[in-house]
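Observations on the three-dimensional arrangement
The lines below spell out each chain.
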Amino acid sequence: MPPANRHQPRRAKSSTSDYSVTEFLREFPDDAACLEHLWRTRYAPDGEHAHCPRCDCERVFKRYATAQQRQSWTCTGCGHHVHPTAGTIFHRSSTSLRLWFHAMYLMTSTRCGISAKQLERELGVHYKTAWRMFNKIRNELMGEPELSLPLAGEVEIDETSWGGRPRRKHKTRSEAMQFRERKPTILGMVERGGRVRLRVIASRRGEPLSREVRAHLDPAALMLTDDWIAYKPLRREFNHAVINHSAGVYVEGNVHTNTIEGFFGNLKTGMRGTYKQVSKKWLQSYLDEYAWRYNQRFRGHRSMFHLLLDEAAR
Ligand SMILES: [Zn+2]
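All values reported here derive from a predicted model rather than from experimental measurement. (Residues numbered from 1 in each chain as written. Predicted model: local features only at pLDDT ≥ 70, side-chain atom pairs only at ≥ 80, totals over all residues. Heavy atoms only, no water.)

So, on to the coordination of the zinc ion. Ligation of the zinc ion by protein atoms is provided by Cys 52 (SG), Cys 55 (SG), Cys 75 (SG) and Cys 78 (SG), these donors lying 2.2 to 2.4 Å from the ion. Spacing between the donor residues of the zinc ion along the chain follows C-x2-C-x19-C-x2-C. On the criterion of sequence distance, the pair formed by Cys 55 in the loop between strand E1 (49–52) and strand E2 (57–62) and Cys 75 in strand E3 (residues 73–75) is long-range, its members being 20 residues apart. With relative accessibility at 3%, the residue Cys 75 sits in the buried group. (Donors = N, O, S within 2.8 Å, 3.2 Å for Na, K, Ca; no water. Helix = DSSP H or I, 4+ residues; strand = E, 2+ residues; numbered from the N terminus. Buried < 20%, exposed > 50% of the residue type's maximum accessible area, 1.4 Å probe, protein only.)

Right, dumping it as structure tokens:
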């Protein structure tokens, strides 16, 4: 066996890691490399030629060394400056680009995400800074794309409450129900083998529930739910298969809601482990982040990080 190369550590074949922190730092060693990346992806694929809006044609751009190190390239025809960060979440930020990229690296590095507190420790920044970066990345880069296609095929739908389950003091069914109704409700819709959508809904009954199902489900989809009464009116609009949980039946051939229930289980364990408590105000954006990660689960870490980076550079 050849001696191990300490500069090229090897992974086990079974390893799911494809983008170690060393590889990330090699790709983006400093601020200049991050800026260069944005410049090339957004304006100048070859690093030199870009469209000048003032000359209204392609020109050669140069980066002049100035005392204040402007983050811009200059048109050699007319002197117009192009800032590669303009219109991105990084623009006018007092935090360095490398820290932003590193935060995005960390936020794509685990299945359950990372908390702002953890980000603060890893990046060595103030908690407020970490929290701001965390929110920007989550809210602006990890949301559901507006034009994404509705969920199709076999779609399991279920709802769950966020923030504790009924305790012993909620003796009767109706007391337990009242307890649940006071908690935010999450509606989960998942394509078998595909994508998930999660929505915080105002009530697990009537319009608030139907509206979200209609907004996210393809009219030809097969809706699979338990026998909760609020799904009944939707039968007129969608194919509907029901599993009768009230009667203690959980699987009947192809009819079950195990995918979405398993998803909810992982979601709750993951969110509690990473974020401890999530207030109602932030719940939807945490769910979007969780769904984003789930929907990209077949990608490797490197591809996930670059997807986020492309979104930032759009
Ligand atoms: Zn010009």
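That covers the picture; the talk isn't over yet.
Each regular strand carries side chains that alternate between the two faces of the sheet. Of the pairings in the sheet, the one linking E1 to E2 comprises 4 bridges and is antiparallel in character. Within the sheet, the bridge partner assigned to Cys 52 lies in E2 and is Cys 57. As consecutive antiparallel partners, E1 and E2 are separated by 4 residues, and within that stretch Asp 56 has a phi angle of approximately 55°, a positive value. Bridge count for E2 against E3 is 2 bridges, and the pairing is antiparallel. Bridging across to E3, Phe 61 finds its partner in Cys 75. (Pairing = 2+ DSSP bridges.)

The subject of this paragraph is the pattern of salt bridges. This structure, assessed with the given rule, holds 13 salt bridges. The partner of Glu 154 in a salt bridge is Arg 192, with the nearest N and O atoms 3.3 Å apart. Taken together, the residues span a long stretch of sequence, with Glu 154 in strand E5 (residues 154–161) and Arg 192 in the loop between strand E6 (185–191) and strand E7 (196–201) at a distance of 38 residues. Judged by relative accessible area, Glu 154 falls into the partly exposed class, the value being 30%. Residue Arg 195 pairs with Glu 191 through a salt bridge whose shortest N-O separation is 2.7 Å. Accessibility expressed as a relative area gives 24% for Arg 195, which makes it partly exposed. (Salt bridge = Lys/Arg side-chain N within 4 Å of Asp/Glu carboxyl O.)

With that settled, the discussion passes to the nonpolar core. Among the nonpolar cores identified, the biggest contains 61 residues, and Phe 101 and Met 271 are the most heavily contacted of them. Examining the composition of this core, we find that 9 residues originate from one element, helix H3 (residues 97–107), more than from any other. Apart from the residues lying within four places of it in its own chain, the contact partners of Met 271 are Trp 162, Lys 276, Val 278, Leu 283, Tyr 286, Leu 287 and Tyr 290. Among the nonpolar cores identified, the runner-up in size contains 16 residues, and Ile 157, Ala 230, Tyr 231 and Phe 238 belong to it. (Core = buried A, V, L, I, M, F, W, Y, C linked by side-chain atoms within 4.5 Å. Contact = heavy atoms within 4.5 Å.)

The strand order across the open sheet formed by 4 strands is E1-E2-E3-E4, and the pairing between neighbours is antiparallel. On the outer flanks of this sheet lie E1 and strand E4 (81–82), each paired with one strand and no other. Across the sheet, helix H2 (residues 31–42) lies against E1, E2, E3 and E4, angled at about 40° from E3, the strand it touches most. (Axes fitted to C-alpha atoms, helices over the stretch in contact; angles between N-to-C directions.)

Okay, helix H7 (residues 206–216) next. Three or more residues of H7 are buried, namely Pro 208, Leu 209, Ser 210, Glu 212, Val 213 and His 216. Elements in contact with the buried residues of H7: E5, E6, E7 and strand E8 (222–226).

What follows covers the environment of Phe 263. Along the chain, Phe 263 turns up in helix H8 (residues 258–275). Note: C-alpha distance between Phe 263 and Glu 159 (104 residues apart in sequence) is 11 Å. Every residue in contact with Phe 263, bar those within four places of it in the chain, is listed here: Val 196, Leu 198, Tyr 290 and Tyr 294.

A volume near 430 Å³ is recorded for the second largest pocket. Residue lining of the second largest pocket: 23 residues in total, with Met 142, Gly 143, Glu 144, Pro 145 and Trp 292 positioned closest to the centre. When residues of the lining of the second largest pocket are traced back to their parent elements, those giving at least two are helix H5 (127–141), E7, helix H9 (280–295) and helix H10 (301–313). It is H9 that provides the largest number of residues to the lining of the second largest pocket, a total of 5 residues. Class assignment for the residues of the lining of the second largest pocket results in 7 nonpolar, 6 polar and 10 charged. (1 Å grid on protein atoms, 1.4 Å probe; cavity = no way out; pocket = protein on both sides within 12 Å on 5 of 7 lines; lining within 4 Å. Points joined across faces, edges and corners; volume = space filled by probe spheres on them. Nonpolar A, V, L, I, M, F, W, Y, C, P; charged D, E, K, R; others polar.)

We now examine the environment of Gln 284. Note that Gln 284 resides in helix H9. Not counting chain neighbours up to four residues away, the residues in contact with Gln 284 comprise Leu 198, Arg 199 and Val 200.

Bringing the packing of aromatic side chains into the picture now. For the structure on display, the rule yields 19 aromatic pairs. Aromatic rings pair up to connect Tyr 19, Phe 24, Phe 28, Phe 90, Trp 100, Phe 101, Tyr 105 and Phe 305 into one cluster. Across the ring face of Tyr 286, the terminal group of Arg 138 is positioned such that the distance to the ring centre comes to 4.1 Å. The ring centre of Tyr 294 lies 3.9 Å from the NZ or CZ of Arg 297, which sits over that ring. (Phe/Tyr/Trp six-rings, centres within 6.5 Å; stacked < 30°, edge-to-face > 60°. Lys NZ or Arg CZ within 6 Å of the ring centre and 35° of its normal.)

Closest axis-to-axis distance for the H5/H9 pair is 9 Å, and the angle between their directions is 65°. If you check the angle between H5 and H9, you find them roughly perpendicular. Helix-helix and strand crossings are classified by hand; for H5 and H9 the assignment is left-handed. Touching Trp 131, Phe 134, Asn 135, Arg 138, Asn 139 and Leu 141 of H5 are Trp 282, Ser 285, Tyr 286, Glu 289 and Trp 292, all from H9. Here the residues of the contact of H5 with H9 are counted per class, giving 6 nonpolar, 3 polar and 2 charged. (Parallel < 35°, antiparallel > 145°, perpendicular 65-115°, else oblique. Left-handed = near helix turned anticlockwise from the far one by under 90°.)

Everything listed here is a matter of geometry and, on its own, says nothing about what the molecule does.
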